[in-house]
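A structural walkthrough
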Amino acid sequence: MASIHNERRYSVEVCFVADNRVESECSHQEWKDAEDQLTDYMTTARADKSSHKAWYGIAAIGHYCRFYELRSGEATLHDLSQDDRRRLHIKHNELEVDASLCKIFDLIKAQ
């Protein structure tokens, strides 16, 4: 987990879970497990910090990643990809990965 400070000096949390096993990249169960792990971690950490702001997360398996938002007052992750549920290859979808990271930073700045 990393804390990123926006222009108003508010700290916003970004969580990251990863599984380096390339053989797991296409497994729907592995992606579900990663999303569940990220959800549990983010909701628990947010409750421990008594935070009501949106939090952001990244799940990576092998060469692929997905970006998520845990909105204020909610316990369900929302996929931030333009094509819902799409995995982004870190190398082949480099521009989309960059755009997703920029989107997260823009959302953090707006909080």
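Each remark here, short or long, concerns the structure printed above.
So, a few notes on the structure that sits alongside this text.

Let's shift gears to the environment of Phe105. In this structure, Phe105 sits in helix H2 (residues 94–110). Spatially, the C-alpha atom of Phe105 lies 9.6 Å from that of Tyr56, the residues being 49 residues apart in sequence.

The next point concerns the pattern of salt bridges. Counted under the stated rule, the structure contains four salt bridges. Among the ionic pairs, Arg21 bridges to Asp19, the shortest N-O distance being 2.7 Å. Looking at Arg21, the relative accessible area reads 40%, which means it is partly exposed. Because the salt bridges share partners, they merge into one network encompassing Asp19, Arg21 and Glu30.

Evaluation of the coordinates by the stated rule reveals zero aromatic pairs. Lying over the aromatic face of Trp31, Arg66 brings its terminal NZ or CZ to 4.7 Å of the ring centre. Positioned above the aromatic ring of Tyr64, the side-chain terminus of Arg87 is 5.6 Å from the ring centre.

Before going further, it helps to spend a moment on helix H1 (residues 28–48). Along its 21 residues, H1 runs 30 Å from first to last C-alpha, staying within 8% of the 30 Å computed at 1.5 Å per residue. Taken together, the buried positions of H1 are occupied by Trp31, Ala34, Glu35, Leu38, Thr39, Met42, Ala45 and Arg46. Here the buried residues of H1 occupy an arc of 150° about the axis, which is enough to place them on one side. For H1, exposure combined with an orientation more than 90 degrees from the buried face picks out Ala47 and Asp48. Two residues or fewer after H1 comes Ser50, characterised by a positive phi angle close to 50°.

What follows is about the nonpolar core. Leu38, Met42, Trp55, Ala59 and Leu77 are the most contacted members of the largest nonpolar core, which has 13 residues in total. Breaking this core down by element, the ones donating at least two residues are strand S2 (11–19), H1, strand S3 (55–61) and strand S4 (64–70). Looking at this core element by element, the count peaks at five residues for H1. Excluding residues that lie within four positions of it along the chain, Leu77 makes contacts with Glu35, Leu38, Thr39, Met42, Tyr68, Glu69 and Leu70. Counting residues in each nonpolar core, the second largest holds 12 residues, with Val14, Cys65, Leu88 and Ile108 among its members.

Quick notes on the rules
- Residues numbered from 1 in each chain as written.
- Predicted model: local features only at pLDDT ≥ 70, side-chain atom pairs only at ≥ 80, totals over all residues.
- Heavy atoms only, no water.
- Helix = DSSP H or I, 4+ residues; strand = E, 2+ residues; numbered from the N terminus.
- Salt bridge = Lys/Arg side-chain N within 4 Å of Asp/Glu carboxyl O.
- Buried < 20%, exposed > 50% of the residue type's maximum accessible area, 1.4 Å probe, protein only.
- Phe/Tyr/Trp six-rings, centres within 6.5 Å; stacked < 30°, edge-to-face > 60°.
- Lys NZ or Arg CZ within 6 Å of the ring centre and 35° of its normal.
- Expected span 1.5 Å × (residues − 1).
- Arc of directions from axis to C-beta.
- Core = buried A, V, L, I, M, F, W, Y, C linked by side-chain atoms within 4.5 Å.
- Contact = heavy atoms within 4.5 Å.

In short, shape yes, function no, at least from these values alone.
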